[in-house]
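Take a look at the letters that make up each chain.
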Amino acid sequence: MYNLIRAELFKLRKNGAFWTLLSTLFLLSLAYPLLNYFDHKSNGEPQMTGAEFFITFTASNAHVIKFGVAILAGFFICTEYSSGVMKTIASSGNTRWRLFTAKLIVFAAGAMAASLVFPVVGTAEVTLLSGFGHLPEGSAASLIPRALGLTLLYSAAFAAMGAMFAVLLTDSDKTVSVLLVFFMLMDTLWIALGTKIAIVADLHDYSIFKLSVEIGKPVIDSGDWPALVLVPLLTMALSAVLGILAFRRKEIK
Amino acid sequence: MHEYVLRTNQLTKDFKGQAALNKVNMEIRKGAIYGFIGQNGAGKSTLIRTVTGLAFPTGGTIELFGESGEQALTEARKRIGSMIEGPALFPHMTAAENLEANRLLRGIPGKECVARMLKQVGLEGTGRKKARNFSLGMKQRLGLAIALLGDPEFLLLDEPINGLDPTGVVEMRELLRRLNRELGITILISSHILSELHLVASHYGIIHRGRLLEQLTAGELLAKCQHYLLIKADHPERAAAVLQNKLGTADFEVMQDGSIKLFSCMEEPGKVSAALFSAGLVIEKFMPMGEDLESYYTKRIGGHPHV
C-alpha cells in the first residue's frame, strides 16, 4: 500500500490541474480581501479584521471545497481512464481495493490542501492589512485549529463522494459536471423536499451538505459535536466502501 | 512436460449476449513468442484484457504461471507486463517521469531501472520533452519500456508495431527477439502485420469470432503451408502429360495462365526438370513456392483477412 500511495503522491505532484487549482485559489484568496479592503477604504467603512474574515469565510468555504473536489475528481482520477493509464494500473498485480484506497487517500489529501487555501491565505492577508482583531465573545482560542481541522475532515468526506462518482462515471467532463451539479443542487433540492417530507429534512440536518456550513461557528454546543464529527466520518466510510465495490466490478476500457 | 505461462480453459466472455470469447483453450509455453492473429473484433484484445484482469470472464478459467483463482491471479499479474490497445502514458509527464510513476506503482526498488529502460528502448535523450509531444513511435517505445519495468516474465503486447516507421519496426522486432532470447521473456503479440509477425513468432494462435481456431508452432505452420513447384513450360498440356505419365503424379493444377502448380515431387525437383527437358519442353519458369502466413490465415478463417 505504501508504494501505491507514493505513486499517487508522485502523480498528484505532477498533475497540472492540481497546481492550477491551488494557484487559482491562492490568487483569488489574495485578490478578494484586497478588493474588499480598498472598497471599504474608499467608502470609509470599518475594515474587516482577520478574525472576522476567518469566521465568515470558513462557513462559505464549503463551496470552494466542493468545487475543488469536482475539478480534481475529473482531472486527477478520470484522466487516467481517458489516457489509458488505468489499464496499466489495474493490471499491475495490486488488488482493486488497494488501488482505490491509495487513490482516495491522495485525492483527499489534494482536496484538503485546496480547502485550506482560502481560510489560511485570506486570513493571513487580512491580518496583515487590518490586524487580526478579536475572536467573538464566547468562542474558545481553539476556534481556529478546530475550524481548520473540521475543514479538512469535511474535505475528505466530499473527496470520498467525488472519488466514488469518478469511478462510476470515468469520463472527466461528465464527472466534473455531474459533481458540480450534484454538490450545488443537492442542498437546494434537499431543503425543498424537506419542507414537504419530514424525514428528508432530518436527513438533510445530518448530512455533510448542511453540517459543512457550521464548521466556522464561533461556538459549538457539546451536543452538536458527535454529529459534526461522525457524519463526515460515516459519509467517508460509506462512499469509500461503495467506491471500492464499484471499482472492483468495473471493467477497464 | 511443458511449462506453461498461460493456459485458459473454456474461457468465455459475453457482451450483451454476444460471445466475444467462446470457450477459448489457449496455451502459451514458457519462452515462446506467441503471434496472436485475428480480425478486428475477433477477440484478441478481449482475451488480453481478460488475462490482465481488466475484464472479467463470464465462464472458464485462466491459469497464469500455473496459478488460478482471483487472489493468486492478482499476485501472478505482478510477473507480467502489458501494453494493451496502445501505449498508456501520462501525457503531461516526461518519459522518465512516466517510468518513475510506474516504478512506484509496482513497488520496484531503486531508480536506476528508469534510466536502464529508457536506454533499452532508445529514449534516453528525450529529456524534458513531455510524452504528449512524442511521435507515435516514441510513445510505443515508451509503452514498451513501461511494460518491461520490473523485468516481467511474460509480456502481452497488443499491436506493438502500430505507427512505427520501418526502422522502428526493425528495432522493435530486434528488441523483442533479444528480450526473448537473452532474458527468456515469453511474449504474446497481437498484430495486424502478419508478415512482421512471421519474422518473430515461434508459435501462433488464430482467433476468429471469439473462437480460437488453431494453435500451432512455426514449424507446424511451415509444414502446413502447402508448398509446390511452379512450372511454366512452352506447352502446358504436354508438360502436364509428362508429369502424369513419366512421374506418375496427378497432384498438380494447371492454372489459367498456363503455369502448373505441382504439389508432389517437392523433394526431387531435379527429377521433374529432367523429365520435362527430355520431353523437349522449354521451361520458362521453375521455382519452389509456398503459402505465407497471410494466405494460410485467410484460408483458415475462410475468407478475406481484414486483420
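As shown above, the structure is provided for reference.
Residues numbered from 1 in each chain as written. Chains lettered and ligands numbered in written order. Predicted model: local features only at pLDDT ≥ 70, side-chain atom pairs only at ≥ 80, totals over all residues. Heavy atoms only, no water.

With that out of the way, let us pick up the pairing of strand S7 (residues 154-158) of chain B. Residues and elements named next belong to chain B. Taken across its five residues, S7 has five buried, putting it largely inside the fold. What you see with S7 is no split at all: Phe154, Leu156 and Asp158 on one side and Leu155 and Leu157 on the other are buried throughout. One ladder, built from four bridges, connects strand S6 (residues 80-83) with S7; its direction is parallel. Residue pairing for S7: Ser82 is matched across the bridge by Leu156. For S7 and strand S8 (residues 186-190), the ladder comprises five bridges, and the chain directions are parallel. Residue Phe154 lies in a different strand from S8, and its bridge partner there is Thr186. In terms of handedness, the path from S7 via helix H6 (residues 166-183) over to S8 forms a crossover that is right-handed. (Buried < 20%, exposed > 50% of the residue type's maximum accessible area, 1.4 Å probe, protein only. Helix = DSSP H or I, 4+ residues; strand = E, 2+ residues; numbered from the N terminus. Pairing = 2+ DSSP bridges. Right-handed = clockwise from strand over helix to strand, strands pointing away.)

Right, let's talk about the interface of chain B and chain A for a bit. Contact residues are listed per partner, giving 32 residues for chain B and 29 residues for chain A. Both faces combined, the contact of chain B with chain A buries some 2,500 Å², and carbon together with sulfur accounts for 59% of it. It is B:Leu54, B:Leu104 and B:Leu105 that lose the most area in chain B upon contact with chain A, and together they represent 27% of the buried surface on that side. Viewed at the interface, chain A and chain B are joined by four salt bridges. Note that B:Glu70 and A:Arg248 form a salt bridge whose closest N and O atoms lie 3.8 Å from each other. Counting residues per element, the ones that place at least two in the side of chain B that touches chain A are strand S1 (4-15), helix H2 (70-76) and helix H3 (95-106) of chain B. The element best represented in the side of chain B that touches chain A is H3(B), accounting for eight residues. Grouping the amino acids of the side of chain B that touches chain A by side-chain chemistry returns 15 nonpolar, seven polar and ten charged. (Contact = heavy atoms within 4.5 Å. Buried area = accessible area lost by both parts, 1.4 Å probe. Salt bridge = Lys/Arg side-chain N within 4 Å of Asp/Glu carboxyl O. Nonpolar A, V, L, I, M, F, W, Y, C, P; charged D, E, K, R; others polar.)

This brings us to the pattern of salt bridges. Scanning the entire structure with this criterion turns up 19 salt bridges over all chains. Here B:Glu27 makes a salt bridge to B:Arg7, at a shortest N to O gap of 3.3 Å. In this pair, B:Glu27 is assigned in strand S3 (residues 27-29) and B:Arg7 in strand S1, connecting sequence segments 20 residues apart. Exposure remark for B:Arg7: the relative accessible area of 31% places this residue in the partly exposed category. When salt bridges with common partners are traced through the structure, they connect A:Glu8, A:Lys11, A:Glu80 and A:Lys103 into a single cluster.

Residues and elements named next belong to chain B. Put simply, H3 and helix H4 (residues 112-120) touch, their axes get as near as 9 Å, and they point 130° apart. In terms of their interaxial angle, H3 and H4 are classed as oblique. The crossing of H3 and H4 is right-handed. For the pair H3 and H4, the contacting residues are Ala95, Ala96, Leu99, Glu100 and Arg103 in the first and Cys113, Val114, Met117 and Leu118 in the second. In terms of residue class, the contact of H3 with H4 is made up of seven nonpolar, no polar and two charged. (Axes fitted to C-alpha atoms, helices over the stretch in contact; angles between N-to-C directions. Parallel < 35°, antiparallel > 145°, perpendicular 65-115°, else oblique. Left-handed = near helix turned anticlockwise from the far one by under 90°.)

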